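# Residue-level structural notes
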Amino acid sequence: MSVLIICEKPSVAKTVALALGAAEQKDGYLSGDGLLVSWCIGHLISMADAGSYDERYKKWRYEDLPILPQTWKYAPTPGKEKQLAVLKELLHRSDVSEVVNGCDAGREGELIFRFVYEQAGCTKPFSRLWISSMEDSAIREGFAGRRAGTEYDALYQSALCRARADWLVGINATRLFSVLYHKTLNVGRVLSPTLNLLVERDGKITMFHKEKYHIVHIGCGGVDAKSERISDATAADALKTACEASQAVCVSLKKEKKTALPPKLFDLTLLQREANRVYGFTAKQTLDYAQSLYEKRFLTYPRTDSNYLTEDMSQTATDLVAALLPVLPFMQGAELTPEIGRVINSAKVSDHHAIIPTAAFAGNGFDGLPESEKKLMSLVCCKLLCAVAAPQEYETVTAVFDCGGKSFTAKGKTILTAGWKDIDARFRAALKAKPDEDGAEDAALPELAEGQIFETVTASVSEHYTTPPKPYTEDSLLSAMENAGKEDMPEDAERQGLGTPATRAAMIEKLLSAGFVERKGKSLVPTKDGINLAVILPDMLKSPLLTAEWESRLTEIAKGSDDPQSFMQGIEDMTRELVKRYSHITEDGKKLFAPEKEAVGICPRCKSPVYEGKKNFYCSDRSCRFV
C-alpha cells in the first residue's frame, strides 16, 4: 500500500520527496519507497463566483443584493485543471491507504488541502505534516511524527470562515458601491482600511501648514547648548544678544548608564519592513525571495508572526551561529559569544518559529544565489547574530546651563560596550549604507561640573520649520497595518492589526494594480480615485477594528473556543445592513469617479472650459449652452 503526500507547491513536493526517498518522476507526482508525492499549485479550488449560484447574478444590480449563498459552491481555479485531475486520480487510487496534508503549515495551507480532498470526494484517513524547515532532517522528523488530520479540523473551520466571510463582504460591498457610482470599486475588509490609512496620512500632509521657529545656541567650554523653540524672531535675537553679554552657569549635570537590548529575530512583517528600509525591496519582493530561499532549504518557513525559537532549538541555534561566522564577510575578524537564551521562548511561538538561516545555508554560503537573495540572506544572518549578541551599554550626559535668564540643554553619549551594535555597524559598512535614522549619535561632552561658570559665551540663532508627516513607505505602512486597531483589541488577542504577515504584501499590490494607490519613489500615495473611495465608504468597512475583530475571532475558532456558525451569522447580518443602508446616492456623488476630461479651450461666451464630445465641442457650464 502507498501513502500519498500532497504539498502546496511543486518545488516543495520535490524537496519532500527526495528527503523521503521518492525520487522517481511521474506525470504530476513523484514516487518511490511506498510513497506518492504530488502538489497543488497554490489554490486548485476556489470559491465559485456569484454567477454560478443564479444566472441573474452575472449582471451587477442593486436589486439582487445581498447575495448570501445557503449552500456554498466551489470551482476549479482556471488554468490549474490538469493538476487537479492528477490529484483526484491519486486520491482514488486503490493502493493509496493514507493521505498526508503536506501543504504549508498554517491556516491557508489547511484550506488548500481540504478543498482538494473534499471536492475530490475522498474519505480515506489523512494526517498532517507540520514543519518549519525544508531541511531533510526536519522533513523526515515531521513525517515520522505526523499527526491525525482531524486534530486540525478547528484550523480548517477558521480558514473556511475567513474565505467565506471575505467572499460575502468582498462580493456584496464591491457590487454595491460599483453599481451606485458606475465604476468598479474594489472593497474588502483588509483592502479598504489599508487604503484609508494612506488617505488619512495624505490628508494630514495636504492640510499641513508649516510654521517657522527659532533655536538659540550658546557655545561655552566646547559645548553647544540649545534653547527651547522660540516662535518670535525678535525674541530669539534679543536672547542671543543677552547671552553674548552674560556668563553661562552649568546648573544641572545628569549622568545615566543605559542599555540598548539586542533586537528580536525576524517575523515576516519585520523582515519585509527592514528589507524595504535597507534595500528598497517591496513587501511582495521580500516574500517572493524568502519563499524561494525556503524552497532551496536555506531559510526557515517565512510566513510566520513569531520572533522567537522553541526550547528544543537551543543547541541547533548555537551550532548555527558558530557555522555562520566564517561564511559572512562582514564578520571577518569579529568574535561573538552567543547568548542563545535571549531568542528562546516556546510560549511566544505560534504556528512557526522566527525566520532564521538553516544549517544547509551555513554549509553552502552565498554560492549560486541571485543578488536579491544574497542580500536577504545577509539581512537574516545579521539579525540572528545581533539578536544573540550582548546588549550595548552606554552613558548619557544631560547638561543644563543658565544664560541670559533662560535654560539651555546639551546632550552627550559615551559608548561603554558596543555589543550587538558593532555587528550592525559592520553589516551597514559592508553595504556602504548610512546609519539608521536613530543612529545619529550624540557626541561625548567634555568634562563638566555642576556650578561651573563660563565667562566667555558665543551665541547664534538657527531658523527651522515644522515638518509635515511623511508619506507612507512600505516599511511604515506594514508597521501601521500590523498595529492598526491595537488600542481597541484585548492585549492577549493573538492576531491584531490588518491582515496577516502572509497577506499584507498582496493587499498593497492589489491597491496599486486597482489604481487606488501609486508609488512615487519609495512613497505610497493614494490617487484621486483612492481618496474618493475612502471618503464614500462607511466606517464599518474602512475601520481596522472590523478586521481586528475578525482575526481575533478566527484565532479563537482555530483553537476550538468560538463557534463558526455564530461568526458567519454575524457576517451575513452585517452584509444585509450594509446593502439596506446604502440604497442610493446624490447626483453629485454619481460624478465622483467620472473620468477627468481635458479642456480643449475656453468658452468665448462665459470663459468656462470647453470639452470635445462625440460630434461637437461644448461648454462645461450647461447654463451657457455654447456648442
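Look a little higher up for the structure.
This report concerns the structure included in the present document.

### Digging into the overall build of the chain
- On a plain count of helices and strands, the chain comes out with 20 helices and 22 strands.
- When the backbone C-alpha atoms are referred to their principal axes, the chain occupies close to 100 × 80 × 45 Å.
- For the chain, the proportion of its 627 residues judged to be buried stands at 49%.
- Partitioning the intrachain contacts of the chain with sequence separation of at least 6 by distance along the chain shows that 76% fall at a separation of at least 24.
- Of the charged side chains in the chain, 79 are positive and 86 negative, and the gap between their average positions amounts to 6 Å.

### Concerning the environment of Leu 416
- Within the secondary structure layout, Leu 416 lies in strand 14 (residues 406–417).
- For Leu 416, a relative accessible area of 44% gives the class partly exposed.
- It is 52 Å that separates the C-alpha atoms of Leu 416 and Lys 528, two residues lying 112 residues apart in sequence.
- For Leu 416, the residues in contact, after removing those within four places along its chain, are Lys 257, Glu 393, Tyr 394 and Glu 395.

### Observations concerning the packing of helix 14 (residues 474–483) against helix 15 (residues 504–513)
- Relative orientation of the contacting elements helix 14 and helix 15 amounts to 120°, with a least axis distance of 11 Å. Taken together, the axes of helix 14 and helix 15 are oblique relative to one another. Here helix 14 runs over helix 15; the crossing is right-handed. Side by side, helix 14 and helix 15 meet where Glu 474, Leu 477, Leu 478, Met 481 and Glu 482 of the first sit next to Arg 504, Met 507, Ile 508 and Glu 509 of the second.
- Residue composition of the contact of helix 14 with helix 15, by class: 5 nonpolar, no polar and 4 charged.

The rules behind these values
- Residues numbered from 1 in each chain as written.
- Predicted model: local features only at pLDDT ≥ 70, side-chain atom pairs only at ≥ 80, totals over all residues.
- Heavy atoms only, no water.
- Helix = DSSP H or I, 4+ residues; strand = E, 2+ residues; numbered from the N terminus.
- Buried < 20%, exposed > 50% of the residue type's maximum accessible area, 1.4 Å probe, protein only.
- Contact = heavy atoms within 4.5 Å.
- Lys, Arg positive; Asp, Glu negative; His and termini not counted.
- Charge placed at Lys NZ, Arg CZ, Asp CG, Glu CD.
- Axes fitted to C-alpha atoms, helices over the stretch in contact; angles between N-to-C directions.
- Parallel < 35°, antiparallel > 145°, perpendicular 65-115°, else oblique.
- Left-handed = near helix turned anticlockwise from the far one by under 90°.
- Nonpolar A, V, L, I, M, F, W, Y, C, P; charged D, E, K, R; others polar.

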